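A look at the structure
Letter by letter, the chains look like this.
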Amino acid sequence: MRKSIISEETSISPTAWLDLESLSSVELTSEDQAHPIENAFRAREVSGWRAQNAGKQKICLLFDEPCNVRHIHLVFQEQEHQRTQEFLLRWSTGGDAPYREVHRQQYNFNPPVNTREVEDYKVELNGLMRLELSIIPDISGGEARASLEKMLLA
């Protein structure tokens, strides 16, 4: 019998995740130097990304070559403030092609009870050139800063 121990967080092998740092460049609206975006792209990293500024933030992956993505794994975490966050994930094949929505969702963080949002999407994004994640960290307009613990693609 062949066995393997998998992470509780996901059932995909860490070697199956795309190496986003070598396959793409990233555009983002702000970044806390202590929590750079690269941290969110590493399966084993724990500190994730955090915005330098409050308010709506965008993270846009620009792929060097078209790729096919079948799985998107997102993890958001909030340990301090009660808030309702909204995010929008959308993609494009690049050039003048329009963006297509993958998912839009709101989530209520209520520490210490609800502190973690984990999203797993089975997708068929063929010829992906741009993947954009927009985050409104507090839809009531508070001073919360957006954060993203993980953004993994396979």
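Structure report, in brief. Just so you know, the residues in each chain are numbered from 1, in the order the chain's sequence is written. For a predicted model such as this one, the threshold for reporting local features is a pLDDT of at least 70, and the threshold for listing and counting side-chain atom pairs is 80 or more; totals across whole chains, interfaces and linings nevertheless cover every residue. Side-chain measures here rest on the full set of heavy atoms in the structure, leaving out hydrogens and waters.

1. Digging into the packing of aromatic side chains
Side-chain rings of Phe, Tyr and Trp (the six-membered ring for Trp) are treated as a pair once their centres are within 6.5 Å; stacked means planes under 30 degrees apart, edge-to-face means over 60, and tilted covers the remaining angles. Evaluation of the coordinates by the stated rule reveals 2 aromatic pairs. With a centroid separation of 5.0 Å and 65 degrees between ring planes, the pair formed by Tyr107 and Phe109 is classed as edge-to-face. In this scheme, the term charge over a ring applies when either NZ of a lysine or CZ of an arginine sits within 6 Å of the ring centre and within 35 degrees of the ring normal. Across the ring face of Tyr99, the terminal group of Arg90 is positioned such that the distance to the ring centre comes to 4.0 Å.

2. Describing the nonpolar core
We call a set of buried Ala, Val, Leu, Ile, Met, Phe, Trp, Tyr and Cys residues a nonpolar core when their side-chain atoms join them within 4.5 Å. A 1.4 Å probe rolled over the protein chains alone gives each residue an accessible area, and that area as a share of the maximum for its type sets the label: buried under 20%, exposed over 50%, partly exposed in between. The biggest cluster of nonpolar side chains holds 30 residues, and the ones touching the most others in it are Leu74, Leu131 and Leu133. Secondary structure elements are defined from DSSP: runs of H or I of at least 4 residues count as helices, runs of E of at least 2 residues count as strands, and each element is numbered from the N terminus. The element best represented in this core is strand E3 (residues 57-77), accounting for 8 residues. The contacts of Leu74, once residues within four sequence positions are left out, are Phe87, Leu89, Glu117, Val118, Glu119, Tyr121, Leu133, Leu148, Lys150 and Met151. Throughout, a residue-residue contact means that at least one pair of heavy atoms, one from each residue, lies within 4.5 Å.

3. Details of the pattern of salt bridges
Between side chains of opposite charge, pairing is possible as soon as their charged atoms come close. What makes a salt bridge here is a side-chain nitrogen of Lys or Arg within 4 Å of a carboxyl oxygen of Asp or Glu, nothing more. Counted by the stated rule, this structure contains 8 salt bridges. In this structure, Arg42 engages Glu21 in a salt bridge whose closest nitrogen and oxygen atoms are separated by 2.8 Å. Of this pair, Arg42 sits in the loop between strand E1 (24-28) and strand E2 (49-54) while Glu21 sits in helix H1 (residues 20-23); the two residues are 21 residues apart in sequence, bridging distant segments of the chain. A residue is classified by how much of its surface remains accessible, and Arg42, at 34% relative accessible area, is partly exposed. The partner of Glu149 in a salt bridge is Arg116, and the shortest N-O contact between them spans 3.1 Å. Here Glu149 is found in the loop between strand E7 (145-148) and strand E8 (150-153), whereas its partner Arg116 is found in strand E6 (residues 116-136), with 33 residues between them in sequence. One continuous salt-bridge network, built from bridges that share partners, spans Lys58, Arg90 and Glu132.

4. Focus on the environment of Pro36
For Pro36, the location among the structural elements is in the loop between E1 and E2. The class for Pro36 is partly exposed, based on a relative accessible area of 21%. Distance from Pro36 to Asn126, taken between C-alpha atoms, is 28 Å for residues 90 residues apart in sequence.

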